[in-house]
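Summary of structural features
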Amino acid sequence: MNSARPEEVDLLLLARWVVPVVPRGEVLCDFALAVRDGRIAGLSPVDEARALWQAEEVLDLGNHALIPGLVNSHGHTPMSLLRGVADDVPLKGWLEDHIWPLEERLIGPEFVRAGAQLAMAEMIRGGTTCFADMYFFPDVVAECVTDAGMRAQLCGPVLEFPSIWAADAEEYLSKARDLCERFREHPRLHIAFGPHAPYTVSDGQLRAAAEQAADLGAPIHIHVHETAAEVEEAVRASGRRPLARLKDLGVVGPRFQCVHATQLLDEEIAMLAATDASVVHCPESNMKLASGGCRVADLLKAGVNVALGTDGAASNNDLDMFGEMRSAALLGKFVAEDAAALPAAAVLEMATINGARALGIDAETGSLEAGKWADLCAVDLGRLNTSPLYDVCSHLVYAAQSSQVSHVWCAGRPLLADGELLTLEENAVLESAARWRERVLGLR
Ligand SMILES: [Zn+2]
């Protein structure tokens with residue numbers, strides 16, 4: 001930029017470190033980031049910034065790292081109200097004996113609203129600006145997202161059996177199509193088709209979902225190969241592994257978000273790479289439910305885009321992407337039996353740009369590049385557990401805690417400032433969670 005007069009911007013952020021994520025591993029020291037109309041206007045060294053930009057507001061973040069807002073690529077926000085309700089049981093019994101019977105009696109717009117607000121408050125506090133969600137009443141979550149100022153991909157649920165959301169197979173699909181239409185122009189909301197899992201949705205329903213999603217350019221988000229038992233049962237019943245079946249039904253492709261994938265053969269990794277599919281890795285949920293370890297290092301080596309998700313708070317039990325990054329790095333090395341696997345910069349990519357790529361919005365968010373939305377997170381690295389500091393990326397993944405997030409912006413709008421939530425009432429969210437606890441206890 002060579003203009004003699006400084007350009008007018010809305011906000012100028014100064015930070016000791018800026019980690020743009022693209023290019024990989026780059027750490028800019030004493031840098032400024034300018035925001036105009038909700039988007040990143042540019043980055044420059046602090047001592048050149050005042051000559052380049054005339055800002056309405058200047059915020060000096062001091063000993064902070066400014067990073068892209070984190071992208072939590074898989075979860076079930078309303079299930080935050082079931083956090084800790086049934087722990088220490090395997091997936092099948094967890095779902096069939098605990099979660100599903102409770103949900104049957106609880107789910108409705110009010111449950112969804114209260115849970116989504118609790119989840120969003122927690123995620124914003126932890127530096128997350130964008131999340132992918134799969135649950136009933138996505139229209140209610142959409143209202144909550146709009147009010148809270150976050151960015152999200154919401155699934156139109158697709159199931160075989162009737163539920164409070166839809167009476168039959170066709171109604172699930174028509175409601176998903178309607179959501180796509182309704183939010184087509186929304187700047188921060190994206191709709192995906194969300195078949196729950198290969199074992200809860202028929203061939204016909206999966207094929208129809210794939211075709212309709214393709215027509216609308218919408219992603220398909222589905223739990224796949226979550227446990228060895230899921231794969232073994234499918235092979236026993238049909239002679240085929242679920243991924244092969246999904247491939248035959250037209251589900252697998254560049255808009256396919258394959259959640260979990262703890263059971264992968266070499267040829268399945270090659271197939272995911274060849275089809276440009278994304279895997280959403282949920283290490284803490286996979287460890288807690290003893291589902292298995294995803295071969296993330298092999299996926300990355302094959303060129304597969306791997307994003308990171310917390311899964312719902314009922315199986316994690318938090319929505320903390322800093323904790324998730326650390327778990328992903330540690331589990332990734334453990335599974336690969338290689339300490340060099342999943343270096344910190346690669347894990348930071350999984351939590352930011354890879355998530356945006358999986359959701360199909362990497363041109364808009366996921367890194368700090370001029371023109372993208374100003375989805376930002378400021379992390380205070382001047383704390384005991386991040387001192388001394390030799391390597392910023394290393395500290396962000398291995399040492400930093402989500403409580404070190406001081407400020408968060410989404411599309412330039414502040415959602416957290418000096419540790420204070422700005423778009424959600426923290427006390428009201430806590431009181432509502434306590435009221436739902438009484439309801440849940442009354443049902444047990
Ligand atoms: Zn899930």
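Worth saying up front: this structure is predicted, and the values here are computed from it rather than measured. (Residues numbered from 1 in each chain as written. Predicted model: local features only at pLDDT ≥ 70, side-chain atom pairs only at ≥ 80, totals over all residues. Heavy atoms only, no water.)

Bound to the zinc ion are the protein donor atoms His74 (NE2), His76 (NE2), His223 (NE2) and Asp311 (OD), situated 2.1 to 2.4 Å from the metal. Around the zinc ion, the four donor atoms are arranged such that angles at the metal cover 85 to 173°; this shape is classified as irregular. The sequence pattern formed by the donor residues of the zinc ion is H-x1-H-x146-H-x87-D. Taken together, the residues His74 in the loop between β6 (70-72) and α2 (91-106) and His223 in strand β10 (residues 220-224) connect sequence positions 149 residues apart. Here His223 falls in the buried class, since its relative accessible area comes to 6%. (Donors = N, O, S within 2.8 Å, 3.2 Å for Na, K, Ca; no water. Tetrahedral: all angles 85-135°; square planar, octahedral: opposite > 155°, others 65-115°. Helix = DSSP H or I, 4+ residues; strand = E, 2+ residues; numbered from the N terminus. Buried < 20%, exposed > 50% of the residue type's maximum accessible area, 1.4 Å probe, protein only.)

Tracing the sequence through the fold places Asp380 in strand β14 (residues 376-380). One polar contact links the side chain of Asp380 to the main-chain amide nitrogen of Gly382, over a distance of 2.9 Å. Among the polar contacts made by the side chain of Asp380, one reaches the side chain of Arg383 at a distance of 3.1 Å. (Polar contact = N/O pair within 3.5 Å; in protein donor to acceptor, adjacent residues only side chain to side chain.)

Looking now at the layout of surface pockets. Roughly 600 Å³ of volume is contained in the largest pocket. As for the largest pocket, its lining consists of 33 residues, and the residues nearest its centre are Trp100, Glu103, Tyr135, Phe136 and His196. Those elements that place two or more of their residues in the lining of the largest pocket are α2, β8 (151-158) and β9 (189-195). The element best represented in the lining of the largest pocket is α2, accounting for eight residues. Roughly 460 Å³ of internal volume is contained in the second largest pocket. (1 Å grid on protein atoms, 1.4 Å probe; cavity = no way out; pocket = protein on both sides within 12 Å on 5 of 7 lines; lining within 4 Å. Points joined across faces, edges and corners; volume = space filled by probe spheres on them.)

Quick look at empty space enclosed by the protein now. Enumeration according to the criterion identifies two cavities of 30 Å³ or more in this entry. Taken as a whole, the largest cavity holds about 50 Å³ of empty space. For the largest cavity, the lining is made up of 14 residues, of which Asn72, Gly75, His76, Thr77 and Met123 are closest to its centre. Estimates place the volume of the second largest cavity at around 40 Å³. Taken together, Val19, Val21, Gly25, Glu26, Ala345, Leu348, Glu349 and Cys393 form the lining of the second largest cavity. Here the element with the most residues in the lining of the second largest cavity is helix α13 (residues 344-350); it accounts for three residues. The two domains that each donate at least three residues to the lining of the second largest cavity are domain 1 (7-68 + 374-421) and domain 2 (70-358). (Domains from an automatic or database assignment.)

On the surface, a cluster of negative charge is contributed by Glu8, Asp10, Asp37, Glu56 and Glu57. At the level of secondary structure, the elements contributing two or more residues to the negative patch comprise β1 (7-18) and β4 (53-60). (Patch = residues over 30% accessible without salt bridge, like charges linked within 9 Å, V, L, I, M, F, W, Y side chains within 5 Å. Areas by Shrake-Rupley, 256 points an atom, 1.4 Å probe, with all protein chains shown as cover. Salt bridge = Lys/Arg side-chain N within 4 Å of Asp/Glu carboxyl O. Lys, Arg positive; Asp, Glu negative; His and termini not counted. Charge placed at Lys NZ, Arg CZ, Asp CG, Glu CD.)

Quick look at the nonpolar core now. Across soluble globular proteins, nonpolar side chains have a tendency to be buried as a group. Residues Phe256 and Leu396 are the most contacted members of the largest nonpolar core, which totals 120 residues. In terms of residues, this core owes the most to one element, helix α3 (residues 109-125), which gives 10 residues. Both domains that meet at this core, namely domain 1 (7-68 + 374-421) and domain 2 (70-358), each give it at least three residues. The contacts of Leu396, once residues within four sequence positions are left out, are Val19, Ala65, Ile67, Phe322, Met325, Leu348, Val379 and Leu381. Formed by 16 residues, the second largest nonpolar core is a distinct cluster that contains Ala15, Val18, Phe31 and Ala374. (Core = buried A, V, L, I, M, F, W, Y, C linked by side-chain atoms within 4.5 Å. Contact = heavy atoms within 4.5 Å.)

Attention now moves to the pairing of strand β15 (residues 405-410). With respect to burial, β15 is a largely interior element, six of its six residues being buried. Pairing analysis gives four bridges linking β14 to β15, with the strands arranged antiparallel. Along β15, the bridge assignment pairs Leu376 with Trp409. Bridge analysis of β15 against strand β16 (residues 413-417) gives three bridges, and the strand direction is antiparallel. (Pairing = 2+ DSSP bridges.)

Let us now look at the domain arrangement of the chain. Domains assigned within the chain are domain 1 (7-68 + 374-421) and domain 2 (70-358). Note on domain 1 versus domain 2: buried area summed over both sides is about 2400 Å², and carbon and sulfur give 67% of it. When the area that domain 1 buries against domain 2 is broken down by residue, the three leading residues are Arg24, Val397 and Tyr398, summing to 27%. For the interface between domain 1 and domain 2, the tally reads two salt bridges. When the shortest N-O distance is used, the salt bridge between Glu349 and Arg24 registers 2.7 Å. Our count for the contact surface shared by domain 1 and domain 2 stands at seven residue pairs in polar contact (both at pLDDT 80 or more). Among the secondary structure elements, those contributing two or more residues to the side of domain 1 that touches domain 2 are β5 (64-68), β14, α15 (392-399), β15 and β16. Top element by residues in the side of domain 1 that touches domain 2 is α15. It accounts for five residues. Looking at side-chain class alone, the side of domain 1 that touches domain 2 contains 21 nonpolar, five polar and three charged residues. (Buried area = accessible area lost by both parts, 1.4 Å probe. Nonpolar A, V, L, I, M, F, W, Y, C, P; charged D, E, K, R; others polar.)

Looking now at the environment of Thr227. Note on placement: Thr227 falls in the loop between β10 and α7 (228-238). A relative accessible area of 14% places Thr227 in the buried class. In this structure, Thr227 is in contact with Leu91, Thr262, Gln263 and Ser291, ignoring residues within four places of it in sequence.

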